Amino acid sequence: MGVVNKALSRLIGTNSHEPLPAHPLILSFACLMNLGRHSITSTAPVHIFDARFDPDCHIFTVSSPAGFAVYRTSPLKLLRKHEPTGGTLSSVVPFHTSNILFLVGGGRSPLYPPNKVVFWDDSCGKEVAELEFRERVRGIACRRGWLAVALRRRVVVFQIGEQVTRYAEWDTCDNPKGLVAMATAAYSTLLAIAGRQLGHVQLVHLPPCIPPTPIGPPPSSPPRKPPPPPSRHPVSIIAAHETALTTLSVPASGRLLATTSSRGTLVRVWDALSGKLMREFRRGTDKAEIYGVAFRPDEQELCVWSDKGTVHVFTLVASGPTNRQSTFSPLTPFLPLPKYFDSEWSYAQYRIPSQSSHITLSATASRSPTEDVPDEERCVVGWIKAPPTNAGQSEQVKPEYQLVALTYVGGWYRLSLPHRGQSSRPSSPANAGPSSPPRLPSAQSGSHGTSTVGGREKGKEKEQEKERKESRECVLQEFRRFGRWDGWG
């Protein structure tokens, strides 16, 4: 402070060894010195306990400390909200094409006991039924007229009509995540649950799902006929992974099954009828917790998201954009290379930016040990149909599919897929990171004999490499916030 006093004494005209009088400049300096001891917070972060789409991604439900709400997916709109007092919910699951929501209590002060599934009729805003178990409910999956409840070591299925009847139950291995998935399309039958052994999947076929009741005038086309029964008995067990499962996902038709494990590096796609491994995709090389996998409605692509905060998109068909592969992959039939070099990597991805709402000028402020901290990397992703952007296009033009990502801090992202870079030749990223496929070392030219032509070729290669990298990025079309920013909470 001696240097500061001398500097101030020259400005004010006093002796540096004498006490300084009260002066506006000193007061301002003292305020600046004290500013670093406090943190400036714009607003408390939104904390989402759970967010999930309905099977068609037309709506999504959200539970938070303020209550629960129903949103239209796109364009984003708050449809209904409820702010019950006395507790919180761990999950809110929409019942397919109905006004029923399945509520499960959770959090530090559960609204309902965690061993109950409460049926909430959103049209009249009250509870109409409940299911009680002897242990905590771990997961829920539903389709039209059916409900599957996953417990720690078993899955119980109920048929829902005028009455709720218990249909059957199956034993599983230890299933703390409550993994369960159901096909939801008309006449689909598949129910996928954890097997009795670690890393295994049980495939159960329920009675066919009834088609939805048509609304409005009768359609001009004849109703869809149910598919013929399979020619052979479907497989019942798939040994999917050697480690514990982390996700189970099926498309609406139930023809495919996607699985991931605790290693978090691979996504495997299986034929649900034969149990054959169809494709194997590599998310990255480092360990990660994969939060979910979602099939595109036409089953031509799928997306994967994890705790790395990145959404990866893979193609399942030969036409259109192709997944990236290592430049070593053509050599795998001829050389005993590790399987890693034959991996398929995502052709498109998007990094969800951090939405931290705290701006701190000093060290991290002390936080209460009982305070709920939102996970900025956690999200859920679904597919939507977006209309053609060109108004002059005919209505017969097939609309493109886009992604909607919901973060657990209240961020809503609408992403379009890249249209460039659809070359069938394997390509490698410009900056090979931990989640990038390996690339062959380029031939290094000597330090002598460089020419202008060589420089131009290198410049073209850099531009092409940059273009390929940009074409792999999903494009953010729209960003909005939900939660407190739309007046709820």
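Our subject is the structure that appears above.
## Description of unusual backbone geometry
Omega for the bond connecting Ser74 with Pro75 falls within 30 degrees of zero, at -5°, which places this linkage in the cis form. Within the secondary structure layout, Pro75 lies in the loop between strand S4 (67–72) and strand S5 (77–82). Phi at Cys57 is positive, roughly 60°, even though this residue is not glycine. Checked against the element boundaries, Cys57 lands in the loop between strand S2 (50–53) and strand S3 (59–64). Taking relative accessible area as the criterion, Cys57 reaches 12% and is therefore assigned buried. Of note, Glu299 is a non-glycine position whose phi angle comes to about 60°, a positive value. With respect to the helices and strands, Glu299 occurs in the loop between strand S22 (290–295) and strand S23 (301–306). Classification of Glu299 as buried rests on a relative accessible area of 13%.

## Concerning the sheet that holds S5
Reading across the sheet, the four strands line up as S2-S3-S4-S5 and stay open at both edges, with antiparallel pairing between neighbours. Edge strands, defined here as strands with exactly one partner in the open sheet, are S2 and S5. The average undirected angle you get between the axes of adjacent strands in this sheet is 15°. Sheet topology places S4 next to S5; five bridges connect them, and they run antiparallel. Counted as the bridge partner of Ala69 is Lys81 from S5.

## Here we look at the sheet that holds S23
The strand order across the open sheet formed by four strands is S22-S23-S24-S27, and the pairing between neighbours is antiparallel. Only two strands of the sheet have a single partner each, and these edge strands are S22 and strand S27 (348–351). On average, adjacent strands in this sheet sit at an angle of 15° to one another, irrespective of strand direction. The pairing of S23 with strand S24 (residues 310–315) spans five bridges and is classified as antiparallel. Residue Glu301 lies in a different strand from S24, and its bridge partner there is Thr315.

## Concerning the pairing of strand S18 (residues 245–249)
Counted residue by residue, S18 has five buried out of five residues, so it is predominantly covered. Relative to strand S19 (residues 256–261), S18 is paired through four bridges, and the arrangement is antiparallel. In the strand pairing of S19, Ser249 is matched with Ala258. Linkage of S18 to S19, two consecutive antiparallel strands, is achieved through a turn of six residues, within which Gly254 is found at a positive phi near 80°.

## A few points about the packing of aromatic side chains
Overall, the coordinates contain twelve aromatic pairs when judged by the stated rule. Look at Phe53 and Phe60: their rings are 5.9 Å apart centre to centre, the planes differ by 65°, and that puts the pair in the edge-to-face class. For the pair Phe53 and Phe60, a shared accessibility class is recorded, and that class is buried. On the basis of an interplanar angle of 85° and a centroid distance of 4.9 Å, the ring pair of Phe102 and Phe119 is categorised as edge-to-face. Highlighted residues: Phe102 in strand S7 (residues 100–105) and Phe119 in strand S8 (residues 116–121), separated in sequence by 17 residues. Each of the two residues, Phe102 as well as Phe119, counts as buried. Through successive ring pairs, a cluster of aromatic residues spans Phe53, Phe60, Tyr71 and Phe482. The residue whose ring lies beneath Arg378 is Tyr408, and the NZ or CZ to ring-centre distance is 5.6 Å.

## Things to note about the pattern of salt bridges
Here the idea is simple: oppositely charged side chains can pair when their charged atoms come close. Overall, the coordinates contain 16 salt bridges when judged by the stated rule. Several salt bridges converge on common partners, so that one network encompasses Glu135, Arg154, Arg166 and Glu169.

## With respect to the nonpolar core
One finds Phe60, Cys303, Trp305, Val313, Leu403, Leu406 and Phe482 to be the most contacted residues of the largest nonpolar core, which totals 37 residues. Excluding anything up to four places from it in sequence, Val313 contacts Glu301, Leu302, Cys303, Asn323, Ser346, Tyr347, Ala348, Trp383, Leu403, Leu417 and Cys474. Core analysis: the next-biggest nonpolar cluster, separate from the first, contains 18 residues, Phe95, Phe133, Ile140 and Val149 among them.

Cut-offs and rules
Numbers given to residues run from 1 along each chain, matching the order in which its sequence is written. Confidence filtering applies because this is a predicted model: local features only for residues at pLDDT of at least 70, side-chain atom pairs given and counted only at 80 or more, and all residues used for totals across whole chains, interfaces and linings. By convention in this description, side-chain values take in all heavy atoms of the structure and omit both hydrogens and water. A run of H or I in DSSP becomes a helix once it reaches four residues, and a run of E becomes a strand once it reaches two; helices and strands are each numbered from the N terminus. Only protein chains enter the accessibility calculation, which uses a 1.4 Å probe; a residue is then buried when its area is under 20% of its type maximum, exposed when over 50%, and partly exposed in between. A pair of strands counts as paired when DSSP detects no fewer than two bridges linking them. The angle between two axes is taken between their N-to-C directions and runs from 0 to 180 degrees, where each axis is a line fitted to C-alpha atoms and a helix contributes only its stretch in contact. The criterion for an aromatic pair is that two Phe, Tyr or Trp rings (for Trp, the six-membered ring) have centres within 6.5 Å, with stacked assigned to planes under 30 degrees apart, edge-to-face to planes over 60 apart and tilted to the rest. Remark: a charge is flagged as sitting over a ring if the NZ atom of Lys or the CZ atom of Arg is within 6 Å of the ring centre and within 35 degrees of the ring normal. Throughout this description, the term salt bridge denotes a Lys or Arg side-chain nitrogen within 4 Å of a carboxyl oxygen of Asp or Glu. In this description, a nonpolar core means a group of buried Ala, Val, Leu, Ile, Met, Phe, Trp, Tyr and Cys residues linked to one another through side-chain atoms lying within 4.5 Å. We call two residues in contact when some of their heavy atoms are within 4.5 Å.

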